[in-house]
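Coordinate inspection notes
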Amino acid sequence: MAANRETPYKGSNHGDFKQIESSRPTWEEAATAPFQIIQTPDTAWTLGSGANKTHNPNGHKHISIDPWAPGRHPMNNYKLCISAVVPRPIAFVSTRSKNGKVTNLAPFSFFNMVHADPPLFVLGLTTPLDTPNDTLQNLEETGECVISIVTEGIVEAANAAGVNNPYGVSEWDASGLKPIYDCKTVSCARPEEAVFSMEGKVESIREFNSKVFPGKKSGSLVVVEATHFWAHEDAINEDRNLIDIEVFAFFLFSF
């Protein structure tokens, strides 16, 4: 990220995003640096050696930051954390209402894998159960979803699906992606264009108490157990246990 060009926009407080985007290298320019598996910075590093040769503190001291200091806006904690915890994988979550009439497709940057036996994944949502967004409402009603991984080929489509539509307005139309209803363990669709998708069942949902508004809930954590996998045939090996990173064209970014 070209920090010197984007500093005036102060992170997520974007004005004209197209103006910001135009200052960045084009997709074709960035593609000249392909994904590579390389050595560590110091191949001679031994136990107890500490920081490697790339560490250059320049005499800088650490700054103590109280997340709840008087006058500090809570949004500063959000901005600080998403700028530091990078890169983050993006979950592209497909859900469906209990009656099957409402479908939803949404990207989530608060997402990761937390266990392998069983395979468990977490989704972080900034809405509580009493005022759920569309995804959370469907997850609570049906207990199922499809999680796909965002890759280069569906970047714009995933971004379009991030629009906050009213409940009942499907983001599938905005994305232009094709829903496929052939899942083995859930009733919602998976995107045909996704290189890797996971059918999943809700294992648990937990809410969090707000520190800004005491007595209120500020968000939810959904733990999802993967119950079936889908992978493009050119991206999976013969043993069906490894994704080819070059085919996958893995793309990590933050919303």
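Residues numbered from 1 in each chain as written. Predicted model: local features only at pLDDT ≥ 70, side-chain atom pairs only at ≥ 80, totals over all residues. Heavy atoms only, no water.

A word on the sheet that holds strand 3 (residues 111-116). Spatial ordering of the open sheet is given by 2-1-5-8-9-4-3, a layout of 7 strands whose pairing is antiparallel. Where the open sheet ends on each side, the last strands, each with one partner, are strand 2 (103-108) and strand 3. The average angle at which neighbouring strand axes cross in this sheet is 30 degrees, direction not considered. Two strands pair when backbone bridges link them, and strand 1 (residues 91-96) and strand 5 (residues 144-149) are joined in this way by 4 bridges, in the antiparallel orientation. Along strand 5, the bridge assignment pairs Ala 91 with Ile 149. (Pairing = 2+ DSSP bridges. Helix = DSSP H or I, 4+ residues; strand = E, 2+ residues; numbered from the N terminus. Axes fitted to C-alpha atoms, helices over the stretch in contact; angles between N-to-C directions.)

Before going further, it helps to examine the pattern of salt bridges. A full pass over the atoms with the stated rule returns 3 salt bridges. A salt bridge links Lys 201 to Glu 144; the shortest N-O distance between them is 3.4 Å. Note that Lys 201 is positioned in strand 8 (residues 196-209) and Glu 144 in strand 5, a separation of 57 residues in sequence. Assessed through its relative accessible area of 9%, Glu 144 is described here as buried. (Salt bridge = Lys/Arg side-chain N within 4 Å of Asp/Glu carboxyl O. Buried < 20%, exposed > 50% of the residue type's maximum accessible area, 1.4 Å probe, protein only.)

This brings us to the side chain of Ser 197. Note that Ser 197 resides in strand 8. Under the relative-accessibility criterion, Ser 197 is labelled buried at 1%. Discounting residues that sit within four places of it in the chain, Ser 197 has contacts with Val 146, Ile 147, Ser 148, Arg 190, Pro 191, His 228, Phe 229 and Trp 230. (Contact = heavy atoms within 4.5 Å.)

We now examine a negative patch on the surface. A cluster of acidic residues, Glu 233, Asp 234, Asp 244 and Glu 246, forms a negative patch on the protein surface. Judged by relative accessible area, Glu 233 falls into the exposed class, the value being 76%. (Patch = residues over 30% accessible without salt bridge, like charges linked within 9 Å, V, L, I, M, F, W, Y side chains within 5 Å. Areas by Shrake-Rupley, 256 points an atom, 1.4 Å probe, with all protein chains shown as cover. Lys, Arg positive; Asp, Glu negative; His and termini not counted. Charge placed at Lys NZ, Arg CZ, Asp CG, Glu CD.)

A word on the environment of Ala 161. On the secondary structure map, Ala 161 appears in the loop between helix 6 (155-160) and helix 7 (171-175). Residues Ala 161 and Gly 176, 15 residues apart in the sequence, show an inter-C-alpha distance of 9.3 Å. Ignoring anything within four residues of it in the chain, the contact list for Ala 161 reads Phe 92, Leu 105, Ala 106, Pro 107 and Glu 171.

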